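Per-entry structural report
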Amino acid sequence: MTANSTVLSVQDLSAYYYTLNGWVRAAESVTFDVEMGQAMGLAGESGCGKTTVAMSLLKILPRGGRIRKGKIIFDGEDLVPLSENEMRKRRWKGISIVFQGAMSAFNPVYKVGDQIAEAIKTHESGVSKADVEERIAKLLETVGIEPSRADNYPHEFSGGMRQRALIAMALAANPKMLIADEPGTALDVIVQAQTLKLLRDLKDRLGLSMIMISHDLSIIAETCEKVAIMYAGRIVEYGDAVSIFKNPMHPYTQGLIKAFPSIKGERVRLTSIPGTPPDLIHPPPACRFNPRCPYVMDICKKIDPQLVEHGEKNHLAACHLY
Amino acid sequence: MPGHVDSEEVLKIEDLRKWYPLRRGFFETLLSRDELNVKAVDGISFTVRKGEVLALAGESGSGKTTTGKVLLRLVKPTSGSIFFQGKDITKLSEKELKPLRREMQIVFQDPFESLNPRMTIKEIVAEPIRVQHASANEAELEEMVKKALSDVEVVPPEEFLYRFPHELSGGQRQRVAVARAFVLGPSFIVADEPVSMLDVSIRAEILNLMVDLVKKSSASIIYITHDIALAKHISDRIGVMYLGKMMEMGGSQTIVDLPLHPYTQALIAAVPVPDPESKRTQNVISGEIPSPVFPPSGCRFHTRCPYAHTRCTKEEPALVEVEKDHYVACHLYT
């Protein structure tokens, strides 16, 4: 596997939603890279813009959502100026997504196999029926489902199997990159652990690049080499996973890590971050975390901190403390 | 952090069962006479001590929420008894139950749905007081509401009294739900996944608040959760449930650090650890929780258990005390 060849490079990406009350700045100046065969974790609370970033990458933002500026360089090509038709050719083959909510992502009135077949047929013209069937069997086997189950309807699958089938479907056109949006939520711990293990295996076996989106830092820690922590539409800390978890720099990251007590170790009193996430139509001036930050200074309310390295290599934080 | 826990019992649950009859079509009932039941809770016994936080942990479908509902008599159990203040509350009528209701309260999972959107915060918190005629007059009622609100740090309470739930954030709403549960000074509270709908950064403060209120008022909390990592840190004891049965019960630290039951071990091994350098769990048990309509014979976990032997398929293990205050239902230890 070639290390350090960048598959996806997102540069200064901003995506806003238009509402009657004004533009919701859901993602602002988001910059990150994903290397070949590596997983990047996008972590943050609900409403921090992580799903907006994922949808921008595929250009499937819901109505009212628009990419305002920035570049999405995938495989050496900027996706932002591409037309819808050209974009279609890159979805699923280039970047594929597993949406959150495995329980409801399948159409209940079609057989699971037929739904995977649809994905293959739309993206590759002129494949024979026998070929499609063989591919489906192989895909299901890859994710650990008995190939004969392709003839079942989604309701005949358990929650964990649906999640696996959904991953199989995302892999239907041999994508280079897989985005998994909250892959563990709504699943029980044991099934969640099975799903994470599957994703890790797939990454190693197929050399997939991945973006894992989750509010649960433990899930990111289990699967990703790199992490970007988002808060109120911005990346506040970005870099190597080990370095971020061992030595979190941004006060928000520090708070978030403390809010996730490890099951290992002594019992501790839980800590939380006081306050609530801000309104993104009128975000706080300068550093968006300043109203909740325990170390807030005057400068935090005036100048926007830049996401830069502070000492450690491959570890960037956007904070005036450093 | 775990405060002084009296060994005094608040609740004593004996062989509690709740079966929900399975609804079937007319023709199916012609073909077979057998009654099918979803055995949501199937014979559990435990006690809840005064002033403790008891966590009931397990996967979905393990019966933990049903247990909570039965303890409050929101649903009537199929059999078994629940002793509260020396009375078996499973035998009481609704009328006899009403005075006891002020002693037992619930905090629901979703603060967006558990508060009536058309009532003001004052009315929401005052409702239990009015139902129980617990205040002499309107002024006293308002005092009680204000005190309850300041106890949950919704301050200053005057500012919130006449607001509606939609004007509050998720965390504030859940605080109001907690205030409503504590306003009458109950003896025990069932908290059903009270923080799973909230943002991660504010979960801890709601949980800490509830634990502090419990320690202050020496009420008890039955904390129903699927998150055994959080349960370890906030509860005094943990009971692990699987398919309507109690598999293991004991002190939180013991259960998590030295689990004895293979199911508890599997559950704990599956919890993701927020440390990228820690050893990744490679041995995840396979399969999912079986149907509670036809639970496996013998030990219910034997279909997924790595140590299962013939005895496990035939004989159901009893919940026995293997060391002080540590109960396990597994043939490995008997």
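Residues numbered from 1 in each chain as written. Chains lettered and ligands numbered in written order. Predicted model: local features only at pLDDT ≥ 70, side-chain atom pairs only at ≥ 80, totals over all residues. Heavy atoms only, no water.

1. So, the interface of chain A and chain B
Worth spelling out the cut-off: For this analysis, residues touch if any pair of their heavy atoms sits within 4.5 Å. Buried area counts how much accessible surface, traced with a 1.4 Å probe, disappears from two parts once they are put together, with both parts' losses summed. What makes a salt bridge here is a side-chain nitrogen of Lys or Arg within 4 Å of a carboxyl oxygen of Asp or Glu, nothing more. Under the rule applied, a polar contact is a pair of N or O atoms within 3.5 Å (in protein, one hydrogen donor and one hydrogen acceptor; residues adjacent in sequence only if both atoms are side-chain atoms).
Counting residues at the interface gives 45 residues for chain A, matched by 50 residues for chain B. Interface area for chain A against chain B, summed over the two sides, is near 4,300 Å², with a carbon-plus-sulfur share of 56%. Scanning the region where chain A abuts chain B turns up three salt bridges. Linking chain A with chain B are 17 residue pairs in polar contact (both at pLDDT 80 or more), by the criterion used here.

2. Details of a nonpolar patch on the surface
What counts here: What makes a patch is a set of residues exposed beyond 30% relative accessible area and free of salt bridges, joined within 9 Å when like-charged and within 5 Å when nonpolar (Val, Leu, Ile, Met, Phe, Trp, Tyr). Only the protein chains shown count as cover for residues, with accessible areas throughout obtained via the Shrake-Rupley method and a probe of 1.4 Å. Helix numbers and strand numbers start at the N terminus; a helix is a DSSP run of H or I with at least 4 residues, a strand a run of E with at least 2.
Taken together, the side chains of Tyr 295, Met 297, Ile 299, Ile 303, Leu 321 and Tyr 322 of chain A present a nonpolar region at the surface, about 530 Å² in accessible area. Residue position: Ile 299 of chain A is located in the loop between α9 (251-258) and β11 (308-309).

3. Some points on the side chain of Thr 223 of chain A
All names here are of chain A. We apply this condition: Exposed residues in this analysis have more than 50% of their type's maximum accessible area, buried residues have under 20%, and partly exposed residues fall in between, with area computed by a 1.4 Å probe over protein chains only.
Structurally, Thr 223 can be placed in helix α7 (residues 217-223). Thr 223 gets classed as buried once you look at its relative accessible area, which sits at 1%. Among the polar contacts made by the side chain of Thr 223, one reaches the main-chain carbonyl oxygen of Ile 219 at a distance of 2.8 Å. In this view, Thr 223 contacts Ala 39, Leu 196, Arg 200, Lys 203 and Met 212; residues no more than four positions away in its chain are not counted.

4. Overview of the domain arrangement of chain B
Residues and elements named next belong to chain B. Applied cut-off: A domain assignment, automatic or from a database, supplies the domain bounds used here. Three classes are used, and their members are as follows: Ala, Val, Leu, Ile, Met, Phe, Trp, Tyr, Cys and Pro are nonpolar, Asp, Glu, Lys and Arg are charged, and the others, Gly among them, are polar.
Each domain of chain B was delimited in the assignment, giving domain 1 (9-103 + 188-199 + 217-288) and domain 2 (112-185). Each of domain 1 and domain 2 has a C-alpha centre, and the two are 28 Å apart. Together domain 1 and domain 2 conceal approximately 830 Å² of surface at their shared face, both sides included; 59% is due to carbon and sulfur atoms. Among the residues of domain 1 in contact with domain 2, Lys 98, Arg 102 and Ile 189 are the three that bury the most area, contributing 58% of the side total. At the surface where domain 1 touches domain 2, the tally comes to zero salt bridges. Taken together, the connections running from domain 1 to domain 2 amount to three residue pairs in polar contact (both at pLDDT 80 or more). Looking at the side of domain 1 that touches domain 2, its residues break down into four nonpolar, one polar and four charged.

5. Focus: the sheet that holds strand β7 (residues 177-181) of chain A
All names here are of chain A. Short version of the rule: Two strands qualify as a pair provided DSSP detects at least 2 bridges between them. A fitted line through C-alpha atoms serves as each axis, taken over the contacting stretch for helices, and the angle formed by two N-to-C directions is quoted from 0 to 180°.
Pairing is mixed in the open sheet, where eight strands are placed in the order β6-β7-β8-β3-β9-β10-β12-β11. The open sheet terminates on both sides in strands that have one partner only, identified here as β6 (95-98) and β11. Sitting on the sheet, helix α5 (residues 159-170) touches β6 and β7, and the angle it makes with β6 is about 165°. Lying over the sheet, helix α6 (residues 189-206) contacts β3 (39-43), β7 and β8 (209-214), oriented at roughly 160° with respect to β8.

6. Brief notes about the packing of aromatic side chains
Given two aromatic rings, their pairing is described by the distance between the two centres and the angle made by the two planes. We apply this condition: Centres within 6.5 Å make a pair out of two Phe, Tyr or Trp rings, where for Trp the six-membered ring is used; the pair is then stacked when the planes are under 30 degrees apart, edge-to-face when over 60, and tilted otherwise.
The tally for this structure, following the rule as stated, stands at nine aromatic pairs over all chains. Between Tyr 252 of chain A and Phe 289 of chain A, the aromatic rings sit 5.3 Å apart at their centres with planes inclined by 65°, giving edge-to-face as the arrangement. Taken together, the residues Tyr 252 of chain A in helix α9 and Phe 289 of chain A in the loop between α9 and β11 connect sequence positions 37 residues apart. Take Tyr 252 of chain A and Phe 289 of chain A: they sit in the same class, and that class is buried. When the centroid spacing of 4.5 Å and the interplanar angle of 50° are considered together, the rings of Tyr 242 of chain B and Tyr 263 of chain B count as tilted.

7. Some thoughts on the nonpolar core
One recurring pattern in soluble globular proteins is that nonpolar side chains are buried together. How we decide: By nonpolar core we mean a set of buried residues, namely Ala, Val, Leu, Ile, Met, Phe, Trp, Tyr and Cys, connected to one another through side-chain atoms within 4.5 Å.
Core analysis: the biggest nonpolar cluster contains 96 residues, and Leu 8, Phe 32, Ile 116, Ile 179 and Ile 211 of chain A have the highest contact counts within it. Two domains each put at least three residues into this core: domain 1 (3-94 + 173-317) and domain 2 (105-172) of chain A. Contact partners of Ile 211 of chain A, with chain neighbours within four places excluded, come to Leu 8, Phe 32, Val 34, Met 40, Leu 57, Met 177, Leu 178, Ile 179 and Ala 180 of chain A. With 72 residues, the next largest nonpolar core counts Val 189 of chain A together with Val 214, Ile 221 and Phe 301 of chain B among its residues.

8. Observations concerning the sheet that holds strand β8 (residues 220-225) of chain B
Residue and element names in this part refer to chain B. The sheet built from eight strands is open, its strands ordered β6-β7-β8-β3-β9-β10-β12-β11 with mixed pairing. Each of the sheet's edge strands pairs with one partner strand only, and the pair in question is β6 (104-107) and β11 (320-323). Along the sheet, successive strands turn relative to each other by an average axial angle of 25°, direction set aside. The sheet contact formed by strand β10 (residues 245-251) and strand β12 (residues 326-328) spans two bridges and is antiparallel. Bridging from a neighbouring strand, Met 249 pairs with Tyr 327 of β12.

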